[in-house]
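Observations on the model geometry
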Amino acid sequence: MGIPTVLFICMLITGIILWWPKNKNARKGRFRFNWENVKGWKRKNYDLHNVLGFYASFIALLMSITGIYFAYPYVKNTFNLALSGSVDLPKEKDQISGFPVGKE
């Protein structure tokens, strides 16, 4: 499952790059959708697809990065090293209960 996830991440990143507006004037209308100024249903569908796809791409990117984390051990080790300072995760402490373990 790691290779399809990597391809999906590449598709998401290139999709965001291709979607991003070139100039500042075009950027104003690309982040939200205005129902009143658009008359044709085809244009509404296209604009709705662009806006919802842009915002959904960040959620999908976050989910696919977590998939990469579980698919490849070296990615997991890199994330652990960057975020905690060591490759290994800290071990969980044993909880001491009032009941002896293994005795009946």
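Structure report, in brief.

By the element assignment, Phe 54 lies in helix 3 (residues 41–71). Among residues more than four places away in sequence, those in contact with Phe 54 are Trp 19, Trp 20 and Phe 31.

Further remarks concern the nonpolar core. Membership of the largest hydrophobic core is limited to six residues, which are Ile 9, Leu 12, Ala 60, Leu 61, Ile 68 and Val 75. For this core, the secondary structure elements donating two or more residues are helix 1 (2–19) and helix 3. It is helix 3 that provides the largest number of residues to this core, a total of three residues. Setting aside residues no more than four positions away along its own chain, Leu 12 makes contact with Ser 57, Ala 60, Leu 61 and Ser 64.

So, on to the packing of helix 3 against helix 4 (residues 73–84). The N-to-C vectors of helix 3 and helix 4 enclose an angle of 110°; their axes lie 5 Å apart at closest approach. The angle between helix 3 and helix 4 falls in the class roughly perpendicular. The residues of helix 4 that touch helix 3, namely those facing Ile 65, Ile 68, Tyr 69 and Ala 71, are Pro 73, Val 75, Lys 76, Phe 79 and Asn 80.

Parameters and conventions
Residues numbered from 1 in each chain as written. Predicted model: local features only at pLDDT ≥ 70, side-chain atom pairs only at ≥ 80, totals over all residues. Heavy atoms only, no water. Helix = DSSP H or I, 4+ residues; strand = E, 2+ residues; numbered from the N terminus. Contact = heavy atoms within 4.5 Å. Core = buried A, V, L, I, M, F, W, Y, C linked by side-chain atoms within 4.5 Å. Buried < 20%, exposed > 50% of the residue type's maximum accessible area, 1.4 Å probe, protein only. Axes fitted to C-alpha atoms, helices over the stretch in contact; angles between N-to-C directions. Parallel < 35°, antiparallel > 145°, perpendicular 65-115°, else oblique.

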